[in-house]
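A look at the structure
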Amino acid sequence: MRKRFLFDSPGFFYMVGDMNALLSANLTRSIMAKEAFVTENADDIIRLTEWIQEVFEHGGKLLIFGNGGSAADAQHLAAEFVNRFLLNRRPLPALALSTDSSVLTSIANDFSFELVFVKQIQALGKPEDLALGISTSGTSANVVKAMQAAREIGMKTVALTGGTVRPGGDLAAICDMVLNVPADATPHIQETHLWLEHVLCEIVERRMFGES
């Protein structure tokens with residue numbers, strides 16, 4: 001009888017019947033990615049919460065963007081700030097640039113998909129705002145171009161990226177801050193980004209509105 005194997009990630013193969021081993025290994029690698037990320041970026045994480053608080057308290061807004069799973073992250077983070085995370089408090093101005101299908105498709109159709117975030121940054125961005133770009137590789141062309149546009153406006157620019165070969169990718173050279181997950185498995189990079197987004201929400205809420 002032929003043995004059946006399941007491919008999980010580079011270097012890891014499991015017999016299909018051994019799902020407990022897969023679960024355990026996957027969880028371990030996810031935790032390791034988060035721990036390594038915090039070890040490398042703890043000071044910048046706290047500094048980013050201060051930047052976001054300053055933006056909100058001085059009439060600015062958070063513009064968030066990315067592709068695919070990172071677009072979903074952008075929407076998730078914006079919803080937590082606009083509505084609530086853990087505390088009942090006033091809405092905070094955050095906007096995901098991946099949500100307006102008419103804007104996205106008109107720009108992509110008339111110009112280029114690489115400009116779908118650029119034109120929104122140019123239309124909505126102000127110097128008091130913060131641009132938060134999410135790119136697992138750090139090389140997404142539309143995110144890179146949007147960051148360049150944000151810098152021209154005078155906005156603070158922050159990127160969430162991942163990878164160990166070229167940490168931060170193309171975004172490393174153009175952003176004020178890059179928070180890079182030192183892992184190469186896309187799922188674990190994205191899981192760490194989501195964890196970070198929740199941490200940002202919790203710290204900003206606590207700093208601005210207290211504990212209750």
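For the structure, see preceding data.
Okay, so let's go over this structure. Every value quoted in this text rests on a predicted model; they were computed, and no experiment measured them.

**Comments concerning the packing of aromatic side chains**
A complete count under the given rule lists two aromatic pairs for this structure. Look at Phe 56 and Phe 81: their rings are 5.2 Å apart centre to centre, the planes differ by 70°, and that puts the pair in the edge-to-face class. Taken together, the residues Phe 56 in helix H1 (residues 19–57) and Phe 81 in helix H2 (residues 69–82) connect sequence positions 25 residues apart. Look at Phe 56 and you get buried, because its relative accessible area is 5%. Ring geometry for Phe 65 against Phe 117: centres 5.4 Å apart, planes inclined by 35°, an arrangement best described as tilted. Of this pair, Phe 65 sits in strand E3 (residues 62–66) while Phe 117 is found in the loop between helix H3 (101–110) and helix H4 (118–124), placing the two residues 52 residues apart along the sequence. For the cation-ring pair, Lys 119 lies above Phe 111, with the distance from its terminal atom to the ring centre recorded as 4.1 Å.

**Topic: the sheet that holds E3**
Strand order in the open sheet made by the five strands is E4-E3-E5-E6-E7, with parallel pairing throughout. At either margin of the open sheet sits one strand with a lone partner, and together these are strand E4 (94–96) and strand E7 (177–181). The sheet shows a mean angle of 15° between the axes of neighbouring strands, taken without regard to direction. In this sheet, E7 lies alongside strand E6 (residues 156–162) in parallel orientation, the contact comprising five bridges. Bridge pairing in E7 links Ala 159 to Val 178. Sheet strands touched by helix H6 (residues 186–209): strand E5 (130–134), E6 and E7. Its angle to E6, the strand with the most contacts, is close to 140°.

**Observations concerning H2**
In a regular helix each residue adds 1.5 Å, so 14 residues correspond to 20 Å; H2 covers 20 Å between its end C-alpha atoms and thus fits that length. Ser 70, Ala 71, Asp 73, Ala 74, Leu 77, Ala 78, Glu 80 and Phe 81 are the residues of H2 that are buried. Lining the buried residues of H2 we find H1, E3, E4, E5 and H6.

**Regarding the packing of H2 against H6**
Relative to each other, H2 and H6 sit at 15°, their axes nearing to 10 Å. In terms of orientation, H2 and H6 fall into the roughly parallel class. Between H2 and H6 the crossing geometry is right-handed. Seen from H2, the contacting residues are Gly 69, Asp 73, His 76, Leu 77, Glu 80 and Phe 81; seen from H6, they are Gln 190, His 193, Leu 194, Glu 197, His 198, Leu 200, Cys 201 and Val 204. A breakdown of the residues in the contact of H2 with H6 according to their chemical character gives six nonpolar, five polar and three charged.

**So, the pairing of E5**
Counting buried residues along E5, five of its five residues qualify, which places the element largely inside the surrounding structure. Here E5 shows a buried face lined by Leu 130, Leu 132 and Ile 134 and a second buried face lined by Ala 131 and Gly 133. Here five bridges tie E5 to E6, and the two strands are oriented parallel to one another. The residue of E6 that forms the bridge with Leu 130 is Lys 156. Between E5 and its parallel partner E6, the chain crosses via helix H5 (residues 141–153), and the hand of that crossover is right-handed.

Rules behind the numbers
- Residues numbered from 1 in each chain as written.
- Predicted model: local features only at pLDDT ≥ 70, side-chain atom pairs only at ≥ 80, totals over all residues.
- Heavy atoms only, no water.
- Phe/Tyr/Trp six-rings, centres within 6.5 Å; stacked < 30°, edge-to-face > 60°.
- Helix = DSSP H or I, 4+ residues; strand = E, 2+ residues; numbered from the N terminus.
- Buried < 20%, exposed > 50% of the residue type's maximum accessible area, 1.4 Å probe, protein only.
- Lys NZ or Arg CZ within 6 Å of the ring centre and 35° of its normal.
- Pairing = 2+ DSSP bridges.
- Axes fitted to C-alpha atoms, helices over the stretch in contact; angles between N-to-C directions.
- Contact = heavy atoms within 4.5 Å.
- Expected span 1.5 Å × (residues − 1).
- Parallel < 35°, antiparallel > 145°, perpendicular 65-115°, else oblique.
- Left-handed = near helix turned anticlockwise from the far one by under 90°.
- Nonpolar A, V, L, I, M, F, W, Y, C, P; charged D, E, K, R; others polar.
- Right-handed = clockwise from strand over helix to strand, strands pointing away.

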